[in-house]
Amino acid sequence: MDEELYSRQLYVLGLPAMQRIRGVNVLLSGLQGLGAEVAKNLVLMGVGSLTLHDPQSTCWADLAAQFFLSEESLGRSRAEASQAQLAQLNEAVQISVHTGDITDDLLRAFQVVVLTDSQLEEQLKVGTFCHEHGICFLVAETRGLVGRLFCDFGEDFTVEDPTEVEPMTAAIQDISQGLPGIVTLRQDTKRQFFYDGDLVIFSGIEGMVELNGGSPQPVRVQKDGSLEIGDTTAFSPYLRGGVVTEVKRPKTVRHKSLDKALLHPRVVAQNTQEVQRAHCLHQAFHALHEFQKLHGRLPKPWDPAVSGKFMPLDQWLYFDALECLPEDEELLPNPEDCHPRNCRYDGQIAVFGAGFQEKLSYQHYLLQVGAGAIGCEMLKGFALMGLGVSVNGGVTVADMDHIERSNLSRQFLFRPQNIGSPKAVVAAREAQCLNPDLQVTSCTYPLDSTTEHIYGDDFFSRVDGVVAALDSFEARHYVAARCTHYLKPLLEAGTQGTRGSASVFVPHVTETYNGPASAAASETASYPLCTLRYFPSTTEHILQWARDEFEGLFRLSAETINGYQQTCTSLSGIDRTQTPALLQQVMGVLKMRPQVWQDCVVWALGHWQLCFHDGIVELLRLFPSDKALEDGTLFWSGSKRCPQPLQFDPSHDMHFLYVLAAANLYAQMHGLPGSRDETSFRELLELLPKPESMHPDLISDGTFAPAEFAPGQLKELQERLEDWIKGPPLKPVLFEKDDDSNFHMDFVVAATDLRAQNYGILPLNHAQIKQTVGQIIPAIATSTAVVAGLLGLELYKVVSGPRPLDTFRQSSLHLAENNFIRAVPSAPAIQSFHHLTWTRWDRLKVPAGQPERTLASLLAHLQKEHGLKVKMLLYGQAVLYSARWSLEKRTQCLCLRVTEWVQQVTGREPEPGLRVLVLELSCEGEEDETAFPPLHYELWHG
């Protein structure tokens, strides 16, 4: 398996599920827009083979949604016309076309059958055969703004992993001997929730070792969160440590065949109204099939029809977005406006009319970080819907990243030959291939505070809205603030694994973006140094330790040595209280300057000995396993895990990998050639003597770590530095997670695993470590496609013109657990002060005039027009006026023109072409938390 290609998907599905997917043969019948979406996601996902079936010829209406087809495809079968482009998405997937009928013999060759454009009779026939023969069967249908999905996985389908979440684990505080035994969980780690009946296993327990490695056993949860297990009276007394881990249990799903599910659908909904609407939509689709059976066609656009609202049923999912249409019936398009024009937008015109299609063509949108997974899907949507295709419209794609191989499994606009190229440039070019009329430009500059001269007043004056798919809360807040400043609608989406969200923020209609300022504090919090070095108790601790080891040994040490080497300065003036940990690593690096590869191996062996044996031995000398505190409590209890030293064994995979990686990284730092030859490396290890400790003073004088370096140690370090000054500078190693040949991840993985062995902490696998250390966001193509589609629906509403709040939707989904929620967004919160009311979309506008106002004139205007007596006025971080200033200072500033005073305070002139100075103010008599609307001081430009 190409793990680099599927890396983000592997973090969601896991290796066993991916292997099953690669062995699946899928038949997909129907290659209109919906079928193309299904085919794209299946190929990106990496199924074993995909057989396409659609003998119907391509027509104009197909081009509004089927992105694999073009005008050159007209008259060709949709399946044959789509095959070549689908094959480019993933060369590992075998793609073929079946041109005949769907027969029983054909169906036997597949494990999954999907119908997307078929009549009810065919659905019933195929569905019955698949149900009887254990073939997974799915039906998906869309009709304009409504759709439904049916799945039948048989009467005995086993779900190996019902949820996306990792099994729960918790550290053990104590285990009682008794009937039942009570397991008390440690409270210093993040809260874990077990439930009655959960199956668990135990590991790493000292004392009551009978529990380690036993078969899964059920638990009962006590009120205090402790776990009641079976009889432990005959077990050895519990000493310390241990982890309890949940064992996930497979679930069996029993599905009805389609013929039975049609007659007796069981609806799961939040309220009675949604149940009724789901049943209504169920009947509406049945009526459409009856109409097609009687007349040989579907109803014409805007024939009378029944509408319904989405809701997942038992085996069914119904969905509608009828709120995209005008609420006022008089504003609905008429049949003439929806008549086919023999153009690529006929399918969309049938829903919204030709007038709306023209309005779409004049739109100009900014797609920020627009060439990622969601951005590729949105560009596809823009091209298909005809957004920005006129000379006065357009799309600007902004993305500063370059294409990597891991992008290819989700970002379908890219191909292997594009790796290394700018995403924005390639995405713009490929989107134009989907629709040659699309006016699309690329920009490789980020949208942040450093590029406001690019994305400034002139740029945003031409933009009708912004679509964003950013991967940090900081970036989201910045883009949202720019949209608020320029009063532009913002459509924002994101995914993580099978979770996704799609949100819309419309000026004066919805609340502005109000996401968290940053990732959860627990995710970025630093841990005490003594915890990381001597008392780790969680996987987070050992991961951070391993990452710090890499930085300290191979980057920071080299940078520190180079710094002294360049300046030839003495260490006598160094701050000895702030750098002991780093200087200890520097001393280790300076112990010897390697001349050949073998010297690097000797160093790596010595460092292995120091970290995983000698350091642990010294720690246990100071704090023996049976050491007790004054109150009789064992020192090694609670959050402190008693470590055990390791003995170096070159036949142990992680021992071997650590030394191999460390030696190669040390060689890289010293500009020496390394080696990947594992056979010769093992032979070299056999010849070398037993590793020796690099430095004996890891822990001194009974303290956990030296508060500062002693004068003697600094002298030793100074002497070593002086010896090194004459040599060439070192090469700091910058951590890179995505290159599997550079030994970076190998070192972190091995260090984490060995540290876990030292402290009896449950180890992590390579994928888990890489995801955490590399801050990788798991992703799959399906979630990406869903949120992009939901954003597209909101885009229709934004473009159509002024709309009430209740027509917009904020969406969230969790595909792994079949949760899908669409809710009306919140209205803007209203603030008030005396007679003045405002929301975060409002601002106070004051023209500069000609000649320009003085600061005194500005303050007088605010008091006269708005009743605001300003006590503080700011421009960014600069204070322009304060009522607390002396009379002399106030008099000085009040007499100056506003722009003159801004220049004098900030030391720089306003940017050329700047139209507005944004000022913040506070006023006398307001509450401390009052946030007045920004003051837009509109500059004069003649």
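Given the structure is predicted, the values throughout are model-derived calculations rather than measurements.

Peer 1: Whenever I open this one, the sheet that holds strand β30 (residues 878-882) confuses me. Can you help?
Peer 2: Picture the strands of a sheet paired through backbone hydrogen bonds; they go either parallel or antiparallel. Taken together, five strands build an open sheet; the order of strands is β28-β32-β31-β29-β30 and the sheet is mixed. Strands with a single pairing partner mark the edges of an open sheet, and in this sheet they are β28 (844-847) and β30. Ignoring strand direction, the axes of neighbouring strands in this sheet form an average angle of 30 degrees. Looking at chain direction, strand β31 (residues 916-923) and strand β32 (residues 935-938) are connected through four bridges and run antiparallel. When the bridges of β32 are listed, Leu-917 appears paired with Tyr-937.

Peer 1: Please explain the pairing of strand β2 (residues 49-53) as it appears in this structure.
Peer 2: Every other side chain in a regular strand lies on the same face of the sheet, so the side chains alternate between the two faces. The element β2 is extensively covered by neighbouring structure, given that five of its five residues are classed as buried. What you see with β2 is no split at all: Ser-49, Thr-51 and His-53 on one side and Leu-50 and Leu-52 on the other are buried throughout. For the crossover that starts at strand β1 (residues 25-29), traverses helix α3 (residues 33-45) and ends in the parallel β2, the hand is right-handed. Traced from β2 through helix α4 (residues 78-89) to strand β3 (residues 94-97), the parallel crossover comes out right-handed.

Peer 1: In this structure, what is going on with the sheet that holds strand β21 (residues 465-468)? I would like to understand it.
Peer 2: The strand order across the open sheet formed by eight strands is β20-β19-β18-β21-β22-β23-β24-β25, and the pairing between neighbours is mixed. Bordering the open sheet on either side are β20 (440-443) and β25 (819-823), each of which pairs with just one other strand. Across this sheet, the average inter-strand angle for adjacent strands is 10 degrees, counted without regard to direction. Bridge count for β21 against strand β22 (residues 490-496) is three bridges, and the pairing is parallel. Residue Val-466 lies in a different strand from β22, and its bridge partner there is Leu-490. Set on the sheet, helix α12 (residues 423-434) makes contact with β19 (394-398) and β20; between it and β20 the angle comes to about 170 degrees. Docked against the sheet, helix α14 (residues 473-486) engages β18 (364-368), β21 and β22, running at close to 165 degrees with respect to β22.

Peer 1: Would you mind going over the packing of aromatic side chains with me for this structure?
Peer 2: Any two aromatic rings considered together are summarised by their centre-to-centre distance and by the angle between their planes. Within this structure, the stated rule accounts for 34 aromatic pairs. Centroid distance Phe-460 to Tyr-486: 4.5 Å. Interplanar angle 5 degrees. Geometry classified as stacked. With a gap of 26 residues between them, Phe-460 in helix α13 (residues 457-461) and Tyr-486 in helix α14 connect regions that are remote in the sequence. The same class applies to Phe-460 as to Tyr-486, namely buried. By the ring-pair criterion, three or more aromatic residues cluster together here, those being Trp-545, Phe-550, Phe-554, Trp-603, Trp-608, Phe-612, Phe-648, Tyr-658, Tyr-666, Phe-735 and Phe-747.

Peer 1: Help me out: how do you make sense of the side chain of Asp-54 in this one?
Peer 2: With respect to the element layout, Asp-54 can be found in the loop between β2 and α4. Polar contacts involving the side chain of Asp-54 include one to the main-chain amide nitrogen of Leu-31, which spans 2.7 Å. Here the side chain of Asp-54 touches Gln-56 through a polar contact of 3.0 Å, landing on its backbone nitrogen. The contacts of Asp-54, once residues within four sequence positions are left out, are Gly-30, Leu-31, Gln-32, Ser-77, Arg-78, Ala-79 and His-98.

Peer 1: Would you explain the confidence of the model for the protein in this entry?
Peer 2: In low-pLDDT segments, the atomic positions of the prediction should not be examined closely. Across the protein, pLDDT averages 83, with 85% of residues at or above 70. Low pLDDT (under 50) marks residues 306-314, which in the prediction has 36 contacts with non-local residues, meaning those over four places away or in another chain. Overall, residues 694-708 carries pLDDT values under 50, and its contacts beyond four positions in sequence, including any with other chains, amount to 42 contacts.

Cut-offs applied
Residues numbered from 1 in each chain as written. Predicted model: local features only at pLDDT ≥ 70, side-chain atom pairs only at ≥ 80, totals over all residues. Heavy atoms only, no water. Pairing = 2+ DSSP bridges. Helix = DSSP H or I, 4+ residues; strand = E, 2+ residues; numbered from the N terminus. Axes fitted to C-alpha atoms, helices over the stretch in contact; angles between N-to-C directions. Buried < 20%, exposed > 50% of the residue type's maximum accessible area, 1.4 Å probe, protein only. Right-handed = clockwise from strand over helix to strand, strands pointing away. Contact = heavy atoms within 4.5 Å. Phe/Tyr/Trp six-rings, centres within 6.5 Å; stacked < 30°, edge-to-face > 60°. Polar contact = N/O pair within 3.5 Å; in protein donor to acceptor, adjacent residues only side chain to side chain. pLDDT = per-residue confidence, 0-100.

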